[in-house]
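Residue-level structure breakdown
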Amino acid sequence: MLIGKPTDIKGSEITPRDVYLRRREFLLGAAAVGLLPAYAGIAAAAPLQAVKSPFSTDEKLTTREDVTSYNNYYEFGTDKAAPAANAHTLTTKPWSVKVDGMAGKPADYALDDILKGVTLEERIYRMRCVEGWSMVIPWVGFPLADLLKRIEPQGSAKYVAFETLKRPAEMPGQRGILQPLPWPYVEGLRLDEAMHPLTILAVGLYGETLPNQNGAPLRLVVPWKYGFKSIKSIVRITLTDKQPPTSWSLQNSSEYGFLSNVNPEVDHPRWSQAMERRIGEGGLFAKKRPTLMFNGYGDQVASLYSGQDLKADF
Ligand SMILES: Nc1nc2c(c(=O)[nH]1)N[C@H]1C(S)=C(S)[C@@H](COP(=O)(O)O)O[C@H]1N2
Ligand SMILES: [Mo]
């Protein structure tokens, strides 16, 4: 069955989507009459067709409005509203991804060519931010393993490193005097984590191409790890035999480890990770819900870590 067509959008989402489309028309109009800088990439959300995935949760979706207006994307500012306000300046076409390191087929891959070889799936995943909030997001994407197999990891490759675009001209968060993170934003996975069927590269959400604030045009999604592992707007993928640096552990290695698996038993040094607030559920006084080991994906991923002390390897 095909999903993600406009007819599938539920009544409860029509209003925010209408507002979104009107805003888009306004922006497109503004671009046409020259009110916006020429380089402003106005991301016109395009519908995507995708097949349903057995890996999806049936939990209630976080609204499209919340998914696209409450974001962490520090390249556009540290405020939750900043990415939605600022990310329209990002040009996402053309886009290519440099693949290098221990790969049989290193190259600059055009995103269009990457997408020609894959079947898009809708993956409804729980996402848990290290800050203590969570969402349920209907991603559109494909297994990272599909791309890795095409680029042929060499036997010596043990990790996959990822890099976000660094383009201060279009990313106001990279221009300030005080910057929250070193740029470019970098992340990494062990090769077995990267090859796991739950790990996807997303190109859309809610049946349409990704809004810029959510990491257009291509971002990682790793649902059993804290949100920061799911790196946005990827321009480089490197196969390596050494554990790659990651932005948050570069910023503060005592607070953020390499694995960063969701784990209610290992507190962040400055706060508990035992509970979470589901975005959209009531107001300030809404009951929090318990955070699940591996964000509830333990049946699928716990075996990746058998024999590891997850209090030491956090
Ligand atoms: N390049 C980049 N990727 C990033 C971030 C960022 O600041 N820059 N923030 C991370 C964090 S902390 C979270 S919780 C998720 C949020 O993704 P979403 O806004 O699409 O929900 O993106 C992650 N990926
Ligand atoms: Mo996060």
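Remember, it's a predicted structure, so these values are computed and weren't measured experimentally.

**What about the overall build of the protein?**
A tally of helices and strands in the protein yields 8 helices and 14 strands. In the protein, of all internal contacts separated by at least 6 residues, the share reaching a separation of at least 24 is 72%.

**Focus on the pairing of strand β13 (residues 275-278)**
Only one face of β13 is covered, namely the one carrying Glu-276 and Arg-278; the face carrying Met-275 and Arg-277 has none of its residues buried. Summarising the sheet, strand β6 (residues 133-143) and β13 pair through 2 bridges and their orientation is parallel. In the strand pairing of β13, Ser-134 is matched with Arg-278. Summarising the sheet, β13 and strand β14 (residues 289-290) pair through 2 bridges and their orientation is antiparallel. Paired with Glu-276 across the two strands is Arg-289, which belongs to β14.

**Quick word on the site of ligand 1**
The immediate surroundings of ligand 1 are formed by 16 residues, with Asn-71, Tyr-74, Glu-75, Arg-219 and Lys-232 found nearest. A distance of 2.8 Å separates an oxygen atom of ligand 1 from a polar atom in the side chain of Arg-219. At 2.9 Å, a backbone N or O of Ser-230 approaches a nitrogen atom of ligand 1. Computed on the free molecule, ligand 1 has an accessible area of 540 Å², of which 96% lies beneath the protein chains in the complex. Considered class by class, the residues forming the shell around ligand 1 number 7 nonpolar, 6 polar and 3 charged.

**Examining the pattern of salt bridges**
Within this structure, the stated rule accounts for 21 salt bridges. For Asp-192, the salt bridge is made with Arg-190, and the minimal N-O distance between the two is 2.9 Å. In the salt-bridge network here, residues are joined through shared partners; they are Glu-59, Arg-126, Arg-128, Glu-276, Arg-278, Glu-281 and Arg-289.

**Brief notes about the sheet that holds strand β12 (residues 234-240)**
The strand order across the open sheet formed by 5 strands is β4-β3-β12-β7-β8, and the pairing between neighbours is mixed. Two strands lie at the open edges of the sheet, namely β4 (107-110) and β8 (186-190), each paired on one side alone. Between one strand axis and the next, the sheet turns by 20° as a mean value, whatever way the strands run. Of the pairings in the sheet, the one linking strand β3 (residues 96-101) to β4 comprises 4 bridges and is antiparallel in character. By the bridge assignment for β4, Val-99 is matched with Ala-107. Packing against the sheet, helix α5 (residues 144-151) makes contact with β3, β4, β7 (159-164), β8 and β12, and its axis sits at approximately 60° to β12.

**Here we look at the nonpolar core**
Among the nonpolar cores identified, the biggest contains 77 residues, and Trp-139, Phe-142, Phe-162, Leu-220, Trp-224 and Leu-239 are the most heavily contacted of them. Aside from chain neighbours lying at most four places away, what touches Phe-162 is Leu-144, Tyr-185, Val-186, Glu-187, Gly-188, Leu-189, Leu-220, Ile-231, Ile-234, Arg-236 and Ile-237.

**Some thoughts on unusual backbone geometry**
Lys-93 connects to Pro-94 through a cis peptide bond whose omega is -5°. Residue position: Pro-94 is located in the loop between α3 (82-86) and β3. Residue Trp-183 is joined to Pro-184 through a cis peptide bond whose omega torsion reads 0°. In this fold, Pro-184 is placed in the loop between β7 and β8. Despite not being glycine, Tyr-206 shows a phi value in the positive range, around 50°. Along the chain, Tyr-206 falls in the loop between β9 (200-205) and β10 (208-209). Under the relative-accessibility criterion, Tyr-206 is labelled buried at 10%.

**Notes on α5**
Regarding α5, the residues found buried are Leu-144, Ala-145, Leu-147, Leu-148 and Ile-151. The buried residues of α5 occupy one face: seen down the axis, they fall within an arc of 160°. Two residues or fewer after α5 comes Glu-152, characterised by a positive phi angle close to 55°.

**Focus: the confidence of the model for the protein**
Across the protein, pLDDT averages 89, with 86% of residues at or above 70. Throughout residues 1-41 the model reports pLDDT below 50, and contacts reaching past four residues in sequence, or to other chains, amount to 48 contacts.

Scoring rules and cut-offs
- Residues numbered from 1 in each chain as written.
- Chains lettered and ligands numbered in written order.
- Predicted model: local features only at pLDDT ≥ 70, side-chain atom pairs only at ≥ 80, totals over all residues.
- Heavy atoms only, no water.
- Helix = DSSP H or I, 4+ residues; strand = E, 2+ residues; numbered from the N terminus.
- Contact = heavy atoms within 4.5 Å.
- Buried < 20%, exposed > 50% of the residue type's maximum accessible area, 1.4 Å probe, protein only.
- Pairing = 2+ DSSP bridges.
- Near = heavy atom within 4 Å.
- Polar contact = N/O pair within 3.5 Å; in protein donor to acceptor, adjacent residues only side chain to side chain.
- Areas by Shrake-Rupley, 256 points an atom, 1.4 Å probe, with all protein chains shown as cover.
- Nonpolar A, V, L, I, M, F, W, Y, C, P; charged D, E, K, R; others polar.
- Salt bridge = Lys/Arg side-chain N within 4 Å of Asp/Glu carboxyl O.
- Axes fitted to C-alpha atoms, helices over the stretch in contact; angles between N-to-C directions.
- Core = buried A, V, L, I, M, F, W, Y, C linked by side-chain atoms within 4.5 Å.
- Arc of directions from axis to C-beta.
- pLDDT = per-residue confidence, 0-100.

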